[in-house]
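Next come the chains, spelled out residue by residue.
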Amino acid sequence: MHADSKVESLKSSCRYLKHTYDELLHREYDCMAITGTGERCSKPAKVDSIQNGLMIRVCLQHKKLAEERK
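Residues numbered from 1 in each chain as written. Predicted model: local features only at pLDDT ≥ 70, side-chain atom pairs only at ≥ 80, totals over all residues. Heavy atoms only, no water.

Asks: How would you explain the overall build of the protein if you had to name every residue and give the values?
Replies: A count of helical and extended segments in the protein gives two helices and two strands. Reading the helices (α) and strands (β) of the protein from amino to carboxyl end gives α-β-β-α. For 70 residues, the compact-globule estimate of 2.2 N^0.38 gives 11 Å, and the C-alpha radius of gyration of the protein, at 19 Å, exceeds that figure by more than 25%. Dimensions of the protein along its principal axes, counting C-alpha atoms only, are 65 × 20 × 20 Å. Put simply, the protein has 70 residues, and 16% of those count as buried. With the model as given, the accessible surface of the protein reaches about 6,100 Å², and the carbon-plus-sulfur share is 57%. Averaging the locations of the 13 positively and 10 negatively charged side chains of the protein gives two centres separated by 3 Å. (Helix = DSSP H or I, 4+ residues; strand = E, 2+ residues; numbered from the N terminus. Rg over C-alpha atoms; globule rule 2.2 N^0.38 Å. Buried < 20%, exposed > 50% of the residue type's maximum accessible area, 1.4 Å probe, protein only. Areas by Shrake-Rupley, 256 points an atom, 1.4 Å probe, with all protein chains shown as cover. Lys, Arg positive; Asp, Glu negative; His and termini not counted. Charge placed at Lys NZ, Arg CZ, Asp CG, Glu CD.)

Asks: Before we move on, can you summarise the nonpolar core with the specific residues and values?
Replies: Within the largest apolar cluster, six residues are counted, these being Cys31, Ala33, Cys41, Ile56, Val58 and Cys59. Excluding anything up to four places from it in sequence, Cys59 contacts Cys31, Cys41, Lys43, Pro44, Ala45, Lys46 and Val47. (Core = buried A, V, L, I, M, F, W, Y, C linked by side-chain atoms within 4.5 Å. Contact = heavy atoms within 4.5 Å.)

Asks: I'd love a proper account of a nonpolar patch on the surface, names of residues and values included.
Replies: A surface patch of nonpolar side chains, about 360 Å² in accessible area, is lined by Tyr21, Leu25 and Tyr29. Its place among the elements puts Tyr29 in the loop between helix H1 (2-27) and strand S1 (47-51). (Patch = residues over 30% accessible without salt bridge, like charges linked within 9 Å, V, L, I, M, F, W, Y side chains within 5 Å. Salt bridge = Lys/Arg side-chain N within 4 Å of Asp/Glu carboxyl O.)

Asks: Break down the pairing of S1 for me, citing the residues and quoting the values.
Replies: Regular strands have side chains that alternate between both faces of the sheet. Where S1 meets strand S2 (residues 54-58), five bridges bridge the pair, whose relative direction is antiparallel. If you follow Ile50 over to S2, its bridge partner there is Met55. Between the end of S1 and the start of S2, which pair antiparallel, lie two residues, with Asn52 showing a positive phi angle near 55°. (Pairing = 2+ DSSP bridges.)

What follows is the structure, given as structure tokens:
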């Protein structure tokens with residue numbers, strides 16, 4: 001009984017780690033710009049942009065906004 005419980009616990013941990021990995025992997029391809037509400041933009045990043053001396057990946061909308069501010 002104890003072994004079955006341990007196996008189920010390990011399966012649960014494995015599912016959680018896979019979910020976390022997929023979430024982090026997806027996040028790398030999301031826009032890195034901060035929206036007006038202070039949250040990170042969730043649109044897919046398409047282009048690189050230089051912001052405050054750092055290169056970040058941004059969506060097309062935030063690329064246009066960055067160009068307008070220059």
